[in-house]
Amino acid sequence: MNWLHHAIAQIEADYQRSADTHLIALPLPGFARHGIDLYLKDESTHPTGSLKHRLARSLFLYSLCNGWLHEGSTVVESSSGSTAVSEAYFARLLGLPFIAVMPKSTSAEKIAQITFYGGRCHLVDSASAVYDEARALATQTGGHYMDQFTYAERATDWRSNNNIAQSMFSQMARERFPVPRWIVVGAGTGGTSATIGRYVRYQRHATQVCVPDPVGSVFGAYYRSGDASLTGPGSRIEGIGRPRVEASFIRTLVDRMIDVADVDSVAAMHILTDLLGRKVGPSTGTNFVGMLALACEMRHKGERGSILSLLCDSGERYLGSYFDPVWALNHIGDSGAAQARLREQLT
Ligand SMILES: *Cc1c(COP(=O)(O)O)cnc(C)c1O
């Protein structure tokens, strides 16, 4: 009991020392004059640099309170990188060994951060190979497989308890449209969309949840068909879009999905980087494509209101990939035409 109580107390004390993330107003005259306001919740300012800081805290607390973690347990996770960075931080806080199982395409910056926090990186050939490898490593080490793709939706307390949705709504209190018309979030585990979807229903808000889904992900097809056995190649936008239907993605909590081309995500990442004066990651670009589609639709219909989304992580993590012109051209394609088209929507 002693170790467990101490571990939970450590996480709670770390939380007590932490600040909430900012909600950034994104002034876009082309929409504002039609009564449409856009906002981004800046999740890049967590100590480990992404929205996965919240998830990692929730997963550790959930595992501890379920009796799944003990003194000396090796923690193993399958990840596209961001969750592993955040879990490595919490594993170090508790003095537990940590192994991240990730596709070999994972950005060098994320690998460096996991190593910095004392974690070990175990790289596999493809995104769909991470699950079995992580499970096997947990068995071999007598450790615990965190399994974010199963547990994200249930580890986070959705009624309140400082979840991301509650924070967004309280930060909107003094805006001209305090209850958002739309909240736009990409899905990796699906945990964020589930938390927000449940919260808006529970609070009886008129807000709807839109998930923009990158090409190659199965979430969009699953949303339309309900077939949980679907598989696909997986996405080229780090952090979102999956090669299989993850248990944590709850279809009934999503009001709308939008398919997003990779060149559009990268184009939107660059446009947002210009608008904010600092680099954002590619999944934030995908979010921005979704926001712009909804804002254009509202403008066309003469609807007024606010649209919220997330700045999921900083572009500094992707200097060698999405922000490198040669890499981007080879892996994603030329996003010049997409940039021109999206910039046109802003005016
Ligand atoms: C995980 C992640 C998302 C999606 O969040 P989920 O709650 O897992 O659906 C979006 N962007 C980045 C960078 C992420 O790491």
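Residues numbered from 1 in each chain as written. Predicted model: local features only at pLDDT ≥ 70, side-chain atom pairs only at ≥ 80, totals over all residues. Heavy atoms only, no water.

**Quick word on the sheet that holds strand β5 (residues 120-124)**
What counts is decided by this rule: In this analysis, strands are considered paired if DSSP registers two or more bridges between them. Only runs of H or I of at least four residues qualify as helices and only runs of E of at least two qualify as strands under DSSP, and these elements are numbered from the N terminus. For this analysis, residues touch if any pair of their heavy atoms sits within 4.5 Å. Axes, fitted as lines to C-alpha atoms, cover a helix only where it is in contact. Angles between the N-to-C directions of the axes lie from 0 to 180 degrees.
With parallel pairing, four strands are arranged side by side in an open sheet as β5-β4-β3-β6. Strands with a single pairing partner mark the edges of an open sheet, and in this sheet they are β5 and β6 (144-145). Both strand β4 (residues 98-103) and β5 contribute to a ladder of five bridges, which runs parallel. Each bridged residue has a counterpart across the sheet, and for I99 the counterpart in β5 is R120. Where helix α5 (residues 108-116) meets the sheet, it contacts β4 and β5, and its direction lies at approximately 145° from that of β5.

**Digging into the site of the ligand**
Stated formally: If a single non-hydrogen atom of a residue is within 4 Å of a molecule or strand, that residue counts as near it. Two N or O atoms count as a polar contact when they lie within 3.5 Å, although within protein this holds only if one can serve as hydrogen donor and the other as acceptor, and sequence-adjacent residues are included solely when both atoms are side-chain atoms. Throughout, the Shrake-Rupley method with a 1.4 Å probe supplies accessible areas, and for residues the shown protein chains are the sole cover considered.
Lining the immediate environment of the ligand, one finds 15 residues, of which K52, G188, T189, T192 and S283 sit closest. A distance of 3.3 Å is found between an oxygen atom of the ligand and a side-chain nitrogen or oxygen belonging to S82. With respect to the ligand, the backbone of G190 contributes an N or O atom lying 2.8 Å from an oxygen atom. When isolated, the ligand has an accessible area of 380 Å², and the protein chains bury 98% of it.

**Looking at the environment of A268**
Cut-off, in case you're wondering: Here the term buried applies to any residue with accessible area under 20% of the maximum for its type, exposed to any over 50%, and partly exposed to those in between, with areas from a 1.4 Å probe on protein chains only.
Residue position: A268 is located in helix α11 (residues 262-276). Residue classification places A268 among the buried residues on the basis of a relative accessible area of 0%. Linking A268 and R304, residues 36 residues apart in sequence, is a C-alpha distance of 23 Å. Beyond its immediate sequence surroundings of up to four residues, A268 is in contact with G285, F288, V289 and L342.

It is worth stressing that arrangement in space is one thing and function is another; only the former is reported here.
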